[in-house]
Amino acid sequence: MVVSASGIRNSDWLPGTGKPDCYCTVKSAEQGRELFRTKILNDQLAPMWNEEARLIGYKTGESLEFEVWDKDLITSESLGKVTLSPDDFAQEGWNGQLKLTEAGDGIDSAFLNVKIKMPDQDYPKGPSNEFEVTVEKQQGESLGLDLDLQDGTYCLVKTVDDGPLQQYNEQVKPTEQIKPGDFVLSVNGETTPKAMLRTFRGEHKFTMTVRRSTTVYVLVDIQNSDEGTPGLEFPTEPVGEWLCIKGLQNEGWAKAHNDGCEDSSAKFQVGDRIAALAGASNAGEVRDKLADVSGKTPMRLVRILPKE
């Protein structure tokens with residue numbers, strides 16, 4: 001089953017051209033034979049196909065190549081691809097997220113969600129979006145974890161650098177690794193960002209509860225009457241690359257966008273991070289540019305996943 005994709009680039013990212021019209025192909029990596037193709041979903045940056053098919057013509061031992069495409073008027077443009085080895089699914093199937101390669105310049109968080117079940121089997125259980133990580137550090141050693149505490153509720157992982165945590169990641173499966181964009185919910189039982197930070201500084205062994213995030217793409221149509229009034233509350237002194245939304249006001253283009261959204265997942269939410277805005281490279285620049293944007297403006301948000 002081809003479930004969904006996220007984090008793909010907008011190959012139609014020009015004023016008035018909308019978003020990609022996405023489909024996904026499944027091929028035999030060794031032979032290049034196309035085994036399945038999903039339907040086309042128009043104007044999608046996070047397509048949800050949920051399409052199931054029997055792969056007629058698949059031969060045991062072949063790898064599967066998945067590729068996401070943008071269908072244009074005449075041709076199709078690749079938005080990224082990934083190959084899954086038979087060692088990963090031949091015995092028990094597969095249920096999880098695959099990182100797309102060749103997804104475009106600057107695109108390093110494009111993923112495809114896929115489920116595979118073998119004959120007479122059910123789909124395997126997918127990885128949990130919440131898990132525990134236990135690591136230790138020596139006296140005076142850096143854990144290698146850079147955090148954003150600005151939403152006042154959780155700690156967002158900005159980077160994982162050299163240190164015990166990176167060494168932990170190298171020893172476990174990708175589904176058990178802590179990654180940039182993850183949210184730390186608690187450390188040794190402490191659940192507030194300040195208390196978690198004190199624990200990191202004062203102790204040497206840590207058990208962290210971690211939850212994954214998701215990427216949400218929104219296209220905001222900012223009317224002239226709302227220009228200069230985002231209606232979003234931000235930290236007084238934003239830090240890092242992503243701008244934290246600390247509150248929603250009862251005015252401005254964010255409220256107009258949310259009021260007009262049929263899809264609740266595409267609404268701005270408290271705790272979201274605005275991770276991409278054209279021409280901005282850090283949180284401060286994002287905040288400044290939001291006061292000047294107008295017309296149809298695409299944005300990429302990073303959001304904590306709900307508890308399963």
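All residue numbers here refer to positions counted from 1 along the written sequence of the relevant chain. A pLDDT threshold of at least 70 governs which residues receive local features in this predicted model, and a stricter bar of 80 or more applies before side-chain atom pairs are shown or counted, although totals over entire chains, interfaces and linings include all residues. Values reported for side chains reflect all heavy atoms of the structure, with hydrogen atoms and water molecules removed beforehand.

J.: How should I be thinking about the nonpolar core in this particular structure?
T.: When a protein is soluble and globular, its nonpolar side chains tend to lie buried together. In terms of nonpolar packing, the biggest core is built from 25 residues, with Trp49, Phe66, Leu112 and Ile116 touching the most fellow members. In what follows, a contact means two residues having at least one pair of non-hydrogen atoms within 4.5 Å. What Ile116 contacts, discounting residues up to four positions off in sequence, is Leu64, Phe66, Leu84, Phe89, Gly93, Trp94, Tyr123 and Pro124. Nonpolar core, defined: a set of buried Ala, Val, Leu, Ile, Met, Phe, Trp, Tyr and Cys residues in which side-chain atoms within 4.5 Å join the residues together. Burial status follows relative accessibility: with a 1.4 Å probe on protein chains alone, a residue under 20% of its type maximum counts as buried, one over 50% as exposed, and anything between as partly exposed.

J.: Even after reading the chapter, I still don't get the environment of Thr134, so can you show me in this structure?
T.: Relative to the assigned elements, Thr134 resides in strand β9 (residues 130-136). Each C-alpha atom, one on Thr134 and one on Phe206, is 5.5 Å from the other, the two residues being 72 residues apart in sequence. Here Thr134 is in contact with Tyr168, Lys205, Phe206 and Thr207, once residues within four sequence places are set aside. A polar side-chain atom of Thr134 sits 3.2 Å from a polar atom in the side chain of Thr207. A run of DSSP states H or I qualifies as a helix once it reaches four residues; a run of E qualifies as a strand once it reaches two. Both are numbered from the N-terminal end. Here a polar contact is taken to be a pair of N or O atoms separated by no more than 3.5 Å, where protein atoms must pair a possible hydrogen donor with a possible acceptor and residues adjacent in sequence count only if both atoms sit in side chains.

J.: Would you mind going over unusual backbone geometry with me for this structure?
T.: In this structure, Asn50 is a non-glycine residue whose phi angle is positive, near 50°. Within the secondary structure, Asn50 sits in strand β4 (residues 48-51). Even without being a glycine, Glu102 presents a positive backbone phi close to 55°. Relative to the assigned elements, Glu102 resides in the loop between β7 (94-99) and β8 (111-116). Its relative accessible area of 61% is what places Glu102 among the exposed residues.

J.: Please clarify how the packing of aromatic side chains should be interpreted in this entry.
T.: A ring pair, where both rings are aromatic, is described by two values, the distance of the centres and the angle of the planes. Classification of ring pairs rests on two measures: the distance between centres of Phe, Tyr or Trp rings, Trp counted by its six-membered ring, which must be within 6.5 Å, and the angle between planes, read as stacked under 30 degrees, edge-to-face over 60 and tilted in between. This structure, assessed with the given rule, holds five aromatic pairs. The ring of Tyr123 is capped by Lys115, whose NZ or CZ atom sits 5.8 Å from the centre of that ring. Geometry around Tyr123 places Lys117 over its ring, the cationic atom sitting 5.0 Å from the centre. The rule for a charge over a ring is simple: NZ of Lys or CZ of Arg within 6 Å of the ring centre, and within 35 degrees of the ring normal.

J.: What exactly am I supposed to notice about the sheet that holds β7 here?
T.: Each strand in a sheet pairs with its neighbour through backbone hydrogen bonds, running either in the same direction (parallel) or in the opposite one (antiparallel). We treat two strands as partners when DSSP finds at least two bridges between them. An order of β4-β1-β8-β7 is seen for the four strands of this open sheet, with the pairing classed as antiparallel. The outermost strands of the open sheet, each flanked by one partner alone, are β4 and β7. For this sheet, the mean inter-axis angle between neighbouring strands, taken without regard to orientation, is 15°. Note on geometry: axes are C-alpha line fits, over the in-contact stretch for helices, and angles between N-to-C directions span 0 to 180 degrees.

J.: Got a minute to help me understand the sheet that holds strand β3 (residues 34-37) in this structure?
T.: Strand order across the open sheet formed by four strands is β3-β2-β5-β6, with antiparallel pairing between neighbours. Two strands close off the open sheet at either side, each with one partner strand: β3 and β6 (76-84). Neighbour to neighbour, the strand axes of the sheet diverge by 20° on average, direction disregarded. With seven bridges joining them, strand β2 (residues 22-28) and strand β5 (residues 64-71) adopt antiparallel strand pairing.

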